[in-house]
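# Inside the fold
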Amino acid sequence: MARMTGRRALFAVPVLLAVTFGVFAIAAASPFDPVKAYAGTAGLTASQENLDQLRRNLGVDQPLAQRWWEWLTSAVTGDLGDSSTLRQPVADVIGERIGWSVLLAATAFLLAILVGTTLGVLAARRPGGWLDRAVTSLAYTLEAAPPFWIGLLAVWLFALKLGVLPSGGLTDTASSAVTAGQVASHLVLPAAVLAISQLPWFVLYVRQGVGDALGDDPVRGARARGLAERTVLLGHALRSGMLPVLTLIGSRVPELITGALMVETVFSWPGIAAATVSAATAVDFPLLAALTVLATAAVLLGNLLADLLYGLADPRVGFDG
């Protein structure tokens, strides 16, 4: 396990280097001007001399490779630079927002796994039955639905029509303090919408895995020994059928990040979505590079976690292979 983790860590270094350089290259080719974005309306009346001075202050007058190298060497020492759009250190921008994004993503992912596993097992019990057809049809329908569309529909139904849940934000409008109760109530809709966007894959994978396991010899032998159907299903078929789901956990991380950004935007959740959009449109090099590295690291960690879980669940799989 330690050897595989070490190999993955070494592999992550060139990947992160390539990703950060790609971010700077794409930002340099972008039609958006970071100087005009930084100056705002004042840039419309500013002289060319002032704009050139601002360009030098922001460091965007330097060659692409030099900008990337200076940012990289500073980031290694812990200095991620300053955000030109949010006017504060990048580390502070991420520190203020990452916790809320992690809370949303973790809650939604756990909910998707629990509900998806339950529905998948129920559908696999009787393949071709009415419950199987209903669950799989729902899964395929949700698979084609964009998260922002589900979010807007949820706001219209539960916030505007029924009025049972808040439409967005972190706390109530009139509240000046952040309380656990308010955060929990405001978390329900965005977490549910993000979970629904991830749900179809877990349902279909569990259904297929458990359905295949029910036809294996060990499961048929358990039935022949007279074990209860509940014990056969949960103790034998589910254990074997969940192995493919472990690999799915890592592969869903990129989609989870993308979905979280859209859901945060719809529900005005104070995560990193607004910072990501601002960094992209304003070509905020330090913030854009830091957020991209963060997302890439999350994907790499997700893949590593999936491999570790698979190896722990199935002793036949070696960590050093």
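As a starting point, this report considers the structure included with it. (Residues numbered from 1 in each chain as written. Predicted model: local features only at pLDDT ≥ 70, side-chain atom pairs only at ≥ 80, totals over all residues. Heavy atoms only, no water.)

Take the overall build of the protein chain next. Helix and strand counts for the protein chain come out as 14 helices and two strands. Counting only residues that meet the buried cut, the protein chain has 36% of its 321 residues in that class. (Helix = DSSP H or I, 4+ residues; strand = E, 2+ residues; numbered from the N terminus. Buried < 20%, exposed > 50% of the residue type's maximum accessible area, 1.4 Å probe, protein only.)

This part takes up a nonpolar patch on the surface. Side chains of F148, W149, L152, L153, W156, L157, F158, L160, L162 and V164 sit close together on the surface and give an oily, nonpolar patch of about 1000 Å² of accessible area. Position of L160 among the secondary structure elements: in helix 7 (residues 147-161). For L160, a relative accessible area of 63% gives the class exposed. (Patch = residues over 30% accessible without salt bridge, like charges linked within 9 Å, V, L, I, M, F, W, Y side chains within 5 Å. Areas by Shrake-Rupley, 256 points an atom, 1.4 Å probe, with all protein chains shown as cover. Salt bridge = Lys/Arg side-chain N within 4 Å of Asp/Glu carboxyl O.)

Across all of its chains, the model carries four aromatic pairs by this definition. Pairing W100 with W269 gives two aromatic rings, centres 6.3 Å apart and planes at 90 degrees, and the pair type is edge-to-face. One end of the pair, W100, is in helix 5 (residues 90-125); the other, W269, is in the loop between helix 12 (253-267) and helix 13 (273-281), with 169 residues separating them in the sequence. Its relative accessible area of 4% is what places W269 among the buried residues. Aromatic side chains F109 and F202 sit 5.7 Å apart centroid to centroid with 75 degrees between the ring planes, which places their arrangement in the edge-to-face category. In this pair, F109 sits in helix 5 while F202 sits in helix 8 (residues 180-213), placing the two residues 93 residues apart along the sequence. Classification of F202 as buried rests on a relative accessible area of 0%. The rings of F21, W68 and W69 are connected pair by pair, giving a single aromatic cluster. (Phe/Tyr/Trp six-rings, centres within 6.5 Å; stacked < 30°, edge-to-face > 60°.)

Helix length check: helix 7 (15 residues) gives 20 Å between terminal C-alpha atoms against 21 Å at 1.5 Å per residue, within 8%. Along helix 7, the residues classified as buried are P147, I150, G151, A154, V155 and A159. The secondary structure elements touched by the buried residues of helix 7 are helix 8 and helix 12. At the C-terminal side of helix 7, G163 shows a positive phi close to 65 degrees. (Expected span 1.5 Å × (residues − 1). Contact = heavy atoms within 4.5 Å.)

What follows concerns helix 12. Over its 15 residues, helix 12 runs 21 Å from end to end, which matches the ideal 21 Å to within 8%, given 1.5 Å per residue. Residues of helix 12 that are buried include every one of V253, L256, G259, A260, V263, E264 and F267, and no others. Looking straight down helix 12, one finds that the buried residues subtend no more than 140 degrees of arc, so they occupy a single side. Residue S268 follows helix 12 closely and has a positive phi angle near 50 degrees. (Arc of directions from axis to C-beta.)

Glancing now at unusual backbone geometry. Excluding glycine, most residues fall at negative phi; most peptide bonds, likewise, are trans. A positive phi angle, near 50 degrees, is found at S268, a position not held by glycine. Inspection of the secondary structure assignment puts S268 in the loop between helix 12 and helix 13. Residue classification places S268 among the exposed positions, given a relative accessible area of 53%.

With that settled, the discussion passes to the pattern of salt bridges. Within this structure, the stated rule accounts for two salt bridges. E96 is the partner of R97 in a salt bridge, and the nearest nitrogen-oxygen pair spans 3.5 Å. Looking at R97, the relative accessible area reads 19%, which means it is buried.

We now examine the packing of helix 7 against helix 12. Where helix 7 meets helix 12, the axes come as close as 9 Å, and the angle between the chain directions of the two elements is 30 degrees. Considered as vectors, helix 7 and helix 12 are oriented roughly parallel to each other. Classified by chirality, the crossing of helix 12 by helix 7 is right-handed. The segment helix 7 lies against helix 12, with P147, F148, G151, L152 and V155 engaging G259, M262, V263, V266 and F267. The residue inventory of the contact of helix 7 with helix 12, partitioned by class, reads eight nonpolar, two polar and no charged. (Axes fitted to C-alpha atoms, helices over the stretch in contact; angles between N-to-C directions. Parallel < 35°, antiparallel > 145°, perpendicular 65-115°, else oblique. Left-handed = near helix turned anticlockwise from the far one by under 90°. Nonpolar A, V, L, I, M, F, W, Y, C, P; charged D, E, K, R; others polar.)

Next up on the list: the environment of V263. Note that V263 resides in helix 12. Once the C-alpha coordinates of V263 and L152 are considered, the two residues, 111 residues apart in sequence, prove to be 9.3 Å apart. Apart from residues no more than four positions distant in its own chain, V263 is found in contact with L104, P147, P190, V193 and L194.

Across the interface, helix 6 (residues 130-143) lies against helix 8 with an axial gap of 8 Å and an inter-helix angle of 140 degrees. The pairing of helix 6 with helix 8 is recorded here as oblique in orientation. As helix 6 packs across helix 8, the resulting crossing turns out to be left-handed. Contacts from D132, V135, T136, A139, Y140, L142 and E143 in helix 6 reach I196, L199, P200, W201, V203, L204 and R207 in helix 8.

Our focus in this paragraph is the nonpolar core. Judged by nonpolar contacts, the single largest core of 38 residues is most densely connected at L104, L194, F202 and V210. Elements with a contribution of two residues or more to this core: helix 5, helix 7, helix 8, helix 10 (229-241), helix 11 (243-251) and helix 12. With 11 residues, helix 8 is the single largest residue contributor to this core. If you look at the next biggest cluster of nonpolar residues, it comprises 19 residues, including F24, W68, A279 and F285. (Core = buried A, V, L, I, M, F, W, Y, C linked by side-chain atoms within 4.5 Å.)

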